[in-house]
Amino acid sequence: MKTGSKKTLRTCSNGHTYYKSSDCPSCPICEAERAPRTGFLSRLVAPARRALENEHITTLETLSDYTDCEILKLHGIGPSSIPILKRALEEAGLYFKDS
């Protein structure tokens, strides 16, 4: 019998209360509020978006300066993010840098 992780009630610095079972410090309410509504970053899950933002990759032009392998090495980027990013680049007439 598998037992789930116990969720704890937390309050973020903005006063939002939420339950979370992981050690991840991000508030899901704050994340939802700051998630972009348009653009390529809006197509990604929050960990992948944060990984790019932490590297100051917030435009497709900047993203095209990297290889897909370099992006995949970022903590928070998983294999399912690469096709999403490739599609966004191609729609803009851009591509990942060659390896």
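Above: the structure in question.
Definitions and limits used
- Residues numbered from 1 in each chain as written.
- Predicted model: local features only at pLDDT ≥ 70, side-chain atom pairs only at ≥ 80, totals over all residues.
- Heavy atoms only, no water.
- Pairing = 2+ DSSP bridges.
- Helix = DSSP H or I, 4+ residues; strand = E, 2+ residues; numbered from the N terminus.
- Buried < 20%, exposed > 50% of the residue type's maximum accessible area, 1.4 Å probe, protein only.
- Arc of directions from axis to C-beta.
- Contact = heavy atoms within 4.5 Å.
- Salt bridge = Lys/Arg side-chain N within 4 Å of Asp/Glu carboxyl O.

**Concerning the pairing of strand β1 (residues 8–11)**
Then step 1. Here β1 pairs with strand β2 (residues 17–20) via 4 bridges, running antiparallel. Its bridge partner being in β2, L9 is matched across the sheet by Y19.
Then step 2. Here β1 hands over to β2 after 5 residues, with G15 in that stretch at a positive phi of 90 degrees.

**Here we look at helix α2 (residues 46–54)**
Then step 1. Listed as buried for α2 are A48, R49, A51 and L52. The buried residues of α2 occupy one face: seen down the axis, they fall within an arc of 160 degrees.
Then step 2. Among the structural elements, α1 (28–34), α3 (60–63), α4 (68–72) and α5 (81–91) are those in contact with the buried residues of α2.

**Comments concerning the pattern of salt bridges**
Charged atoms that come close allow side chains of opposite charge to pair.
Then step 1. Inspection of the entire model under this criterion finds 7 salt bridges.
Then step 2. Among the salt bridges present, the one from E53 reaches R34, with a minimum N-O distance of 2.8 Å. On the criterion of sequence distance, the pair formed by E53 in helix α2 and R34 in helix α1 is long-range, its members being 19 residues apart.
Then step 3. Across the pair E91 and R43 runs a salt bridge, and its minimum N-O distance is 2.7 Å. Of this pair, E91 sits in helix α5 while R43 sits in the loop between α1 and α2, placing them 48 residues apart in sequence.
Then step 4. In this structure, a network of salt bridges that share partners links the residues E31, R34, R49, R50 and E53.

Distances and angles like these do not, on their own, reveal function.
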